[in-house]
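# Geometric and topological summary
So the chains spell out like this:
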Amino acid sequence: MNVSLPIVGSPSRAETALACERRHVLGDIVCRQPVQRDEGSMSVGTVVHAGAAAWWRTGDLSKVEQSIAEAYAKLGEMPFTCEWLQELGRQYAAQAKLCAVHSTGQIVAVEERVIVDLGPAAKLSFKIDRLTRDPWVLVDTKTKGKWGPAFERKWEAKWRRSVQQMLYQWAVRHEYGVRPAHFIEAVVKELPTRVYYVPLPEWTDAQLEEVVREFVALCQRDAALVASAMLPGGEVDVDRLLYLAATATRFNFDNCEAFNRPCQYLPLCLANPAERLGLLLAEYEHVEPEYLE
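Residues numbered from 1 in each chain as written. Predicted model: local features only at pLDDT ≥ 70, side-chain atom pairs only at ≥ 80, totals over all residues. Heavy atoms only, no water.

## Quick notes on the overall build of the protein
Across its full length, the protein holds 11 helices and 8 strands. Here the C-alpha atoms of the protein give a radius of gyration of 20 Å, agreeing with the 19 Å that 2.2 N^0.38 yields for 293 residues. Dimensions of the protein, computed from the C-alpha atoms along their principal axes, are close to 60 × 45 × 35 Å. If you take every contact in the protein between residues at least 6 apart in sequence, the share linking residues at least 24 apart comes to 71%. (Helix = DSSP H or I, 4+ residues; strand = E, 2+ residues; numbered from the N terminus. Rg over C-alpha atoms; globule rule 2.2 N^0.38 Å. Contact = heavy atoms within 4.5 Å.)

Below, the structure is given as structure tokens:
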């Protein structure tokens, strides 16, 4: 569980928390996932990231195929075969550009985790998909399932106002002392695939600092929840923390199908509060998130 102080947060988890605190606390603080879960298309991004990292590190298609096979083997049932994903990886390698719209550049980081210490209040843990210099360019790879002019406008617009992306940009400025051009690398989950680049704003320092303050405030709220479940000796009463996570957190019923599928915690939110701890213990298991490793 993510209960050591300062609380470790990440850009994507911050965006989740702003949308629905309960979903964030259940998934990112007490780290519970359904025992019976269909990770499905959400796991495609994990596999694509593995193949992309192998491509930029080695330039070897056989390594891309191997990395995709290894990532695929670690996941549960998926709507795509390993061979289908390997072909997607090969097509990605043929289309993707190291520095997005720029023709030259040198790799600084590929799939590299960075942890920024924000003092006693919080830690920001994030993974750089790709960062280059000469020129400085930050690229964040996203898979997407739909294609069409109306959908594209909506999909691209959400990244231009994304807390997640603002935190990435702030962290790179903070850690590297540079102001990179910033792009979403969109990979369409179909064959033949399309790879294209969405430019993001160069947000002002004041805009980014505002987001960092909100991130710290989120981590402080998480810490307060954890503290309310601590025993006199400093240990966490796990059952009490689980109960609080399922009953004393803010929820947002407008966010229950944010990814075009029911939230995995919706059965908890719909249950009688007195029944939620039992349901959480019986039907959810602890899964340590990557950003705590």
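Structure's up, so let's keep going.
## Looking at helix 6 (residues 149–159)
Listed as buried for helix 6 are Glu152, Trp155, Glu156 and Trp159. One side of helix 6 holds all its buried residues, which, seen down the axis, span an arc of 95 degrees. Summarising the geometry of helix 6, the exposed residues directed more than 90 degrees from the buried face are Ala150, Arg153 and Lys154. Of the surrounding secondary structure, the elements contacted by the buried residues of helix 6 are strand 5 (137–144), helix 7 (163–176), strand 6 (181–188) and strand 7 (195–199). (Buried < 20%, exposed > 50% of the residue type's maximum accessible area, 1.4 Å probe, protein only. Arc of directions from axis to C-beta.)

## Some points on the confidence of the model for the protein
Should pLDDT be low for a region, the predicted coordinates there are not to be read in detail. Averaged over all residues, the pLDDT of the protein equals 91, while 96% of them reach at least 70. Confidence, read as mean pLDDT per element, is least for helix 6 in the protein (83) and greatest for helix 5 (residues 82–95) (97). (pLDDT = per-residue confidence, 0-100.)

## With respect to the nonpolar core
Judged by nonpolar contacts, the single largest core of 56 residues is most densely connected at Phe126 and Phe215. The element contributing the most residues to this core is helix 8 (residues 205–227), with 10 residues. Ignoring any residue separated from it by four or fewer positions in sequence, one finds phenylalanine 215 in contact with Gly9, Ser10, Ala14, Leu118, Ala122, Lys123, Leu124 and Leu167. Core analysis: the next-biggest nonpolar cluster, separate from the first, contains 15 residues, Ala96, Val187, Val195 and Tyr197 among them. (Core = buried A, V, L, I, M, F, W, Y, C linked by side-chain atoms within 4.5 Å.)

## Description of the packing of helix 1 (residues 11–19) against helix 2 (residues 21–29)
Relative to each other, helix 1 and helix 2 sit at 140 degrees, their axes nearing to 5 Å. The angle between helix 1 and helix 2 falls in the class oblique. In this structure, helix 1 uses Arg13, Thr16, Ala17 and Ala19 to contact helix 2, whose residues at the interface are Glu21, Arg23, His24 and Asp28. When grouped by side-chain class, the residues that make up the contact of helix 1 with helix 2 number 2 nonpolar, 2 polar and 4 charged. (Axes fitted to C-alpha atoms, helices over the stretch in contact; angles between N-to-C directions. Parallel < 35°, antiparallel > 145°, perpendicular 65-115°, else oblique. Nonpolar A, V, L, I, M, F, W, Y, C, P; charged D, E, K, R; others polar.)

## Quick notes on the pattern of salt bridges
Under the definition given, this model contains 15 salt bridges. Here arginine 130 makes a salt bridge to glutamate 185, at a shortest N to O gap of 2.7 Å. Of this pair, arginine 130 sits in strand 4 (residues 123–133) while glutamate 185 sits in strand 6, and the two are 55 residues apart along the sequence. What emerges from the salt-bridge pattern is a single network uniting Arg173, Arg179, Glu202 and Asp205. (Salt bridge = Lys/Arg side-chain N within 4 Å of Asp/Glu carboxyl O.)

## A look at unusual backbone geometry
With the exception of glycine, the majority of residues adopt a negative phi angle, and the majority of peptide bonds are in the trans configuration. Cis peptide bonds are those with omega within 30 degrees of zero, and the linkage from leucine 5 to proline 6 qualifies with 0 degrees. Looking at the element boundaries, proline 6 is found in the segment before strand 1 (8–9). A positive phi is found at cysteine 31, a non-glycine position, where the angle reads about 60 degrees. In this fold, cysteine 31 is placed in the loop between helix 2 and strand 2 (32–34). By relative accessible area, cysteine 31 is classed as buried at 0%. Non-glycine residue alanine 100 carries a positive phi angle of around 60 degrees.

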